[in-house]
Amino acid sequence: NKLVRLDGNAKLPAVDGSNLTGIAQIIPSLIIRVSADTARTTTSLSPEKLKEIRYNEISGTITVSFTLSRVSGNGKSKAQIYKNGVAFGTERESVSLTTYTENLSFSQGDLIQIYAWTTYGSSGTIGEVSNFRLLYDKIPPQITNTVITD
């Protein structure tokens, strides 16, 4: 008797999916899937959204990467990854060109953002964020081409 039976409400019963195979999965990798590389600057003393990407894949952990630098001034540039407008990643600070990466979990439809700010904004400190990238792979790999004759 291997039939699935509906419960008293005519719904499928809860199913343990731990033994399912062949289900797509998202994992961190070095493969750049989307990038927003344009340099954006700020002199704000409080977090200001400079970059945003909507994540449209299935839920999973991905690598988020961005470059932070201080363009001018005596203060520091600061930046942090946000998810849906809420601080999510590690707060970073820099006075030179530095690339940061983090592996973080996201769900389909999440907004992944980079907020940046400076210290001593009134002294002419300008912070810059660029090379905002989402890096991940899909498991199992999706093969779309087949060699017929080599």
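Residues numbered from 1 in each chain as written. Predicted model: local features only at pLDDT ≥ 70, side-chain atom pairs only at ≥ 80, totals over all residues. Heavy atoms only, no water.

Asks: Now, about the nonpolar core: what can you tell me, with residues and values included?
Replies: Formed by 20 residues in total, the largest nonpolar core has its most connected members in Tyr55, Ile62, Val64, Phe66, Ile112, Val129 and Leu134. The residues contacting isoleucine 62, other than those within four sequence positions of it, are Ile26, Pro28, Tyr55, Glu102, Asn103, Leu104, Phe106, Ile112, Leu134, Leu135 and Tyr136. (Core = buried A, V, L, I, M, F, W, Y, C linked by side-chain atoms within 4.5 Å. Buried < 20%, exposed > 50% of the residue type's maximum accessible area, 1.4 Å probe, protein only. Contact = heavy atoms within 4.5 Å.)

Asks: Lay out the packing of aromatic side chains with the relevant residues and their values.
Replies: In total, this model carries five aromatic pairs according to the counting rule given. Pairing tyrosine 82 with tyrosine 115 gives two aromatic rings, centres 3.9 Å apart and planes at 25°, and the pair type is stacked. Here tyrosine 115 lies in strand 9 (residues 111-118) and tyrosine 82 lies in strand 5 (residues 77-83), a separation of 33 residues in the sequence. With respect to burial, tyrosine 82 and tyrosine 115 carry one shared label: buried. Among the aromatic residues, ring-to-ring pairing joins Tyr55, Phe88, Phe106 and Tyr136 into one connected group. (Phe/Tyr/Trp six-rings, centres within 6.5 Å; stacked < 30°, edge-to-face > 60°. Helix = DSSP H or I, 4+ residues; strand = E, 2+ residues; numbered from the N terminus.)

Asks: Summarise unusual backbone geometry; cite the residues concerned and give the values.
Replies: Look at asparagine 84: it is not a glycine, yet its phi comes out positive at around 55°. Note on asparagine 84: relative accessible area 41%, which makes it partly exposed. Its identity as a non-glycine residue notwithstanding, asparagine 131 has a phi of 50°, on the positive side. Considering the arrangement of structural elements, one finds asparagine 131 in strand 10 (residues 126-139).

Asks: Provide a residue-level description of the environment of serine 69, including the pertinent values.
Replies: The topology assignment puts serine 69 in strand 4 (residues 60-72). Not counting residues within four places of it along the chain, the set of residues in contact with serine 69 comprises Ser77, Ser94, Ser96, Leu97, Ile126, Gly127 and Glu128.

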